[in-house]
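# Overview (structure and organization)
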Amino acid sequence: MLSDGKEKYEKEKIRNSVSSEHVNEEKVEERMDLRLEHCLAYVLHTSGTTGIPKIVRVPHECIVPNIQHFRVLFDITQEDVLFLASPLTFDPSVVEIFLALSSGASLLIVPTSIKLLPSKLATVLFSHHRVTVLQATPTLLRRFGSQLIKSTVLSATTSLRVLALGGEVFPSLTVLRSWRGEGNKTQIFNVYGITEVSSWATIYRIPEKILNSTLKCELPVHLGFPLLGTVVEVRDTNGFTIQEGSGQVFLGGRNRVCFLDGEVTVPLGTMRATGDFVTVKDGEIFFLGRKDSQIKRHGKRLNIELVQQVAEELQQVESCAVTWYNQEKLILFMVSKDALVKDYIFKELQKHLPSHAIPDELVLIDTLPFTSHGKIDVSELNKIYLNYINLKSENKLSGKEDLWEKLQYLWKSTLNLPDLLKVPDESRFLNSGGDSLKSMRLLSEIEKLVGTLVPGLLEMILSSSILEIYNHILQTVFPDEDVTFRKSCATKRKLSNINQEEASGTSLHQKAIMTLSCHNKINAFVALSRGSQILSLNTTRFLPKLGHCSSAYPSDSVSQTNTQNLKGLNSPVLIGKSKDPSCVAKVPEEGKPAIGTQKMELHMRWRSDTGKCVDASPLVVIPSFDESSTTVYIGSHSHKMKAVDFYSGKVKWEQSLGDRIESSACVSKCGNFIVVGCYNGLVYVLKSNSGEKYWMFTTEDTVKSSPTMDPTTGLIYIGSHDQHAYALDIYRKNCVWKSKCGGTVFSSPCLNLIPHHLYCATLGGLLLAVNPATGNVIWKHSCGKPLFSSPRCCSQYICIGCVDGNLLCFTHFGEQVWQFSTSGPIFSSPCTSPSEQKIFFGSHDCFIYCCNMKGHLQWKFETTSRVYATPFAFHNYNSSNEMLLAAASTDGKLWILESQSGQLQSVYELPGEVFSSPVVLESMLIIGCRNNYVYCLDLLGGNQK
């Protein structure tokens, strides 16, 4: 092959690589055996930067082809000087050493102390010793800095004839062109390989015309053609070799085989997985990134190497690196040409990257740390960032004069805003890109800064302007000083639809008689929502006719006098299996799990695009007159509220509201309306059959709370960030009462019928029992920390989760019965079993918990991420006596557990983060995802697989 000359290899394309079919035929008979005399050339450890560290034993037959082929491709002669850039623990050093020695060329070995000084190293290499061939990692080259690279390494008069870059992602063409001095003729190669198939596998020379072109190239530099004796395959997720599309690279060849760890014999032609993902286009392979460089952030997949490449192309950036710190923060480390560039960098990144790829923080450093192998030292970068955090936290408040400036700094760093941006006095956290998790981070940073707890601060962050937050902190931290408050002309949104009666529990209309003069059709329906909550209304006259089982709450017309029939409203009545599969019924008490029950599988039935993240949970409404017209109602960040056919996923209607929707909808008593809250402070009443806006009620701030309907009166209850709860008569289009809750109402009110209480929770840590008829507070309890979780009722108790990690249980008279502690904040709302003997909930400590009603742990199940959503207990549609639990973790995984034991039945991963809670009807699960879609999944039992 060598006699054919190098031109042959440069013209070869990856699709013409050596076929592995004949290799596979010989695998049974021929194996390489490390016990044979003179088999091994050397032994080394992998660095672990591309996976778990391994011991690699390399035969002569594996490495020699690399040396032979490079001699031809680089035209090595005895006149050449090669620099030993790699340490002996890094296998490219073997290529460098024997490439020089086998050609009679010179090998330059430089002390480590010189390697650490880029300017001195450049002088040694290109002035004193006139190096002609340099094989290095991109990081090692970057250490010279762009100016030194351009003026010395890749200048017009440089001695460097060949530059081969490998071991890391190849620089973009834009960066490469910026490094070359005018008139430079250095041949630049992209070399690619893994230590497990030591050392290099492919090579590509960048054509001169591409290097000299001014046209922007979006694609990365491709990997080129296979080196001598090497087989390159790209396989899809099923393991099949592909000629077009994306997949993982596998490397090997008849004799390109090494022994890993304890292997003694290896079949000839063994192919090794690389963990590197590529795309094949017109026979050329383009590197996409390593498997461990793929992360999920803000609901979307992201290759962090892309962020680094985009940042490096910016004019002010000398060199940079990106890390995914603690799998929570995306940090950009940057060596800059200008000390004052953070603001500029963030603006430029926002132009070139999607929002989910913008780094959380930018850290300026003097030089990038690198390992002995010349690669970026990620562990050292993490240490640098940890020191950076500690320095920030040590920067305590020196006095009240310092507070405004530092509050602005924390505000901007939490929201990823440019440092040089001035935050307007009227800026609000949620409107500036904040969310509940970021608000907790800001709260922690402020309390670290001032060195004390600030009561009520979280609700201020979520509901007030930065100026109001500043004044609140000032009053708390410096209570005895004569402080001067900052003033602003910013005005709050005013309530336009009702009288401004601010007293707690002001009743504007004492009677709540439902009038149906305009909409006199009363529909029979069953409504199913998060946490296994079911409401069955007006069904007596319809269900027998359709052959349904008796309803849980058979009430042709629910009135205040028959509330006894409804006392279990908030207990999870679930969809069960009967002789008629379409039957909607109350499920019997939990039984023992069926012996030998097979695990389930989840398969996507349909998905519906909403345009933006879906954090709301679905509402499923089943009309009794026509169950086939069952509808899913859900809103998203795109401002759109949608009605989707439950069985087919077909959109029935779509209505655009004034702002983002995180509130989950409820249905009116008559079934003709859907009610939902919105970020713009409005509560929307929409016609359920068309989406037409029927009425809009204005609160004074954002509405994230989900509404609750009172089946005895038809009133709608909802909370607002304006610190009030409201009772709305949607038929008369007025507000019955407005009750001051003493804190932001983020979660959803919970209605209990006996005793007739409405429970509301605030971010100020208050749990309140309110009279549903008047809005007067019956009792309240201070939990001390914010309550994001919604309260949940059962016949005896009311339960709620707290961000201090405790699940709290109270009687309906306000007495605390018990508390159960987890290791992380609880945002998840509780869900009870049908028997009301068990309660299920999730925690940010990554566990799903099951407790009994005495507060004793029954089981806990560890997920792979935080659990924000509310679990859903349901009856296994394929087994008559098995109760299951559906739960979601924020990393997009859906977990189906056996509710009695917590044993895993199935897991399914959605392609985005999940904050929405699942709802299950029959054998179908509905949930929203932050990749913009609503999903319907079929739950298939063992006999359906």
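Above this note sits the structure.
Now for a look at the structure at hand. (Residues numbered from 1 in each chain as written. Predicted model: local features only at pLDDT ≥ 70, side-chain atom pairs only at ≥ 80, totals over all residues. Heavy atoms only, no water.)

### Remarks on the environment of P786
Note that P786 resides in the loop between β41 (777-782) and β42 (792-793). In this structure, the C-alpha to C-alpha distance between P786 and G765, residues 21 residues apart in sequence, is 4.3 Å. Leave out the neighbours within four places in its chain, and P786 touches L458, T762, L763, G765, C802 and V803. (Helix = DSSP H or I, 4+ residues; strand = E, 2+ residues; numbered from the N terminus. Contact = heavy atoms within 4.5 Å.)

### Here's the deal with the pattern of salt bridges
Inspection of the entire model under this criterion finds 23 salt bridges. Taking the shortest distance from any N to any O, the salt bridge between D402 and K406 comes out at 2.8 Å. Here D402 and its partner K406 are both found in helix α14 (residues 400-414), 4 residues apart, which amounts to about one turn of the helix. K406 matches D402 in its accessibility class, with the two residues each being buried. Across the pair R660 and E662 runs a salt bridge whose closest N-O atoms are separated by 3.1 Å. For the pair formed by R660 and E662, the shared burial category is buried. (Salt bridge = Lys/Arg side-chain N within 4 Å of Asp/Glu carboxyl O. Buried < 20%, exposed > 50% of the residue type's maximum accessible area, 1.4 Å probe, protein only.)

### Remarks on the packing of helix α3 (residues 60-73) against helix α4 (residues 92-101)
The interhelical angle for the contact between α3 and α4, taken along N-to-C directions, is 55°, at an axis separation of 9 Å. Put simply, α3 runs oblique to α4. With respect to the hand of their crossing, α3 and α4 are arranged in right-handed fashion. When α3 is examined against α4, the residues I63, N66, I67, F70 and R71 are found in contact with a partner set consisting of V94, V95, F98 and L99. (Axes fitted to C-alpha atoms, helices over the stretch in contact; angles between N-to-C directions. Parallel < 35°, antiparallel > 145°, perpendicular 65-115°, else oblique. Left-handed = near helix turned anticlockwise from the far one by under 90°.)

### Quick look at the sheet that holds strand β38 (residues 750-752)
Within the open sheet, the 4 strands sit side by side as β38-β39-β40-β41. Their pairing is antiparallel. Since the sheet does not close on itself, it has two edges, and those belong to β38 and β41, each with one partner. Strand-to-strand, the axes of this sheet are offset by a mean angle of 20°, without reference to chain direction. Bridge analysis of strand β39 (residues 757-761) against strand β40 (residues 766-770) gives 4 bridges, and the strand direction is antiparallel. What sits directly across from C760, in β40, is L768. (Pairing = 2+ DSSP bridges.)

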